[in-house]
Amino acid sequence: MIVDQPQSHFIFGYHSEIYKGYQYVAYQGKALTNREYLEHWGKWLISGDRNKLDALAIRLDPYVESGLIACFKYDRRPLTNLRLQECFMCVFCDDRNRDEIWKILAIQGERLKAWIHDRETVNMWLPGGRLLENWIRSEKLDEIKAEEVRNDSRGRFSQILDYPDRPFAGWPQ
């Protein structure tokens, strides 16, 4: 099921049972803890223009519905404030089955292999991380506001980092 809400920067691909409690951050049917999430969860990155990613989303949707692909999301438009020229799609999965997911992407015509663990993404959004600091600069925040943003980031991610044995409940909002 493709979820396209115009107010969101992202377009998502979820299993149609997502709003009924379907757990997609899982491996072999078992939901991951925060520790397992940080250890194993990640994504294949696919770049391209919006038309390419819209078409790919339609082709990947049956794999999401069947449970082979956990989920995906992609940019509605490039993040120009982070100096990106293209849109990106993240195809999420556990690293223990990422090769199987890559085969699906290769069948769809993808050739450039780019994988990143979510723990690396979390680190980039923590204080001092490249993405958070680039965002702060792009918003031209003064140092007081920048420190508030850093503290907020630290507090939000502590929900995952400080409680490794809790079930993973998603990125903090």
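Here, every reference points to the structure presented above.
Below you will find a few notes about this structure. (Residues numbered from 1 in each chain as written. Predicted model: local features only at pLDDT ≥ 70, side-chain atom pairs only at ≥ 80, totals over all residues. Heavy atoms only, no water.)

Some words on the nonpolar core
Looking at soluble globular proteins, one finds that nonpolar side chains tend to be buried together. Which entries qualify depends on this criterion: Note on terminology: a nonpolar core comprises buried Ala, Val, Leu, Ile, Met, Phe, Trp, Tyr and Cys residues joined through side-chain atoms within 4.5 Å. We call a residue buried when its accessible area falls under 20% of the maximum for its residue type, exposed when it is over 50%, and partly exposed in between, using a 1.4 Å probe and counting protein chains only. A run of H or I in DSSP becomes a helix once it reaches four residues, and a run of E becomes a strand once it reaches two; helices and strands are each numbered from the N terminus.
Within the largest apolar cluster, 20 residues are counted, with the highest numbers of intra-cluster contacts made by W44, L60, F72, M89, V91, I101 and L105. In terms of residues, this core owes the most to one element, helix α2 (residues 50-66), which gives 5 residues. In this structure, I18, L38, C71 and F168 belong to the second largest nonpolar core, which totals 17 residues.

Quick look at the sheet that holds strand β1 (residues 2-3)
Rules: If DSSP finds at least two bridges between two strands, the strands pair. In what follows, residue pairs with any heavy atoms lying within 4.5 Å of each other are defined as contacts. Simply put, an axis is a line fit to the C-alpha atoms, just over the touching stretch for a helix, and the angle between two N-to-C directions goes from 0 to 180 degrees.
Ordered in space as β1-β2-β6-β7-β5-β8, the 6 strands form an open sheet in which the pairing is antiparallel. Looking along the sheet, the strands with just one partner apiece sit at the ends: β1 and β8 (115-117). In this sheet, strand β7 (residues 87-94) lies alongside strand β5 (residues 41-48) in antiparallel orientation, the contact comprising 8 bridges. Across the sheet, S47 pairs through a bridge with F88, a residue of β7. Strand contacts of α2: β1, β2 (10-13), β5, β6 (71-75) and β7, with the helix running at about 170° to β6, the strand carrying the most contacts.

Some remarks on the environment of W102
Locating W102 in the fold gives a position in helix α3 (residues 98-107). Residues W102 and V91, 11 residues apart in the sequence, show an inter-C-alpha distance of 9.4 Å. If sequence neighbours within four positions are ignored, W102 has contacts with W44, E110, R111, L112 and K113.

Notes on unusual backbone geometry
At Q28, a position not held by glycine, the phi torsion is positive, near 50°. Along the chain, Q28 turns up in the loop between β3 (26-27) and β4 (30-31). By relative accessible area, which is 70% here, Q28 ends up exposed. Here K140, not a glycine, exhibits a phi torsion of approximately 55°, which is positive. Within the element layout of this structure, K140 appears in the loop between α5 (130-138) and α6 (143-161).

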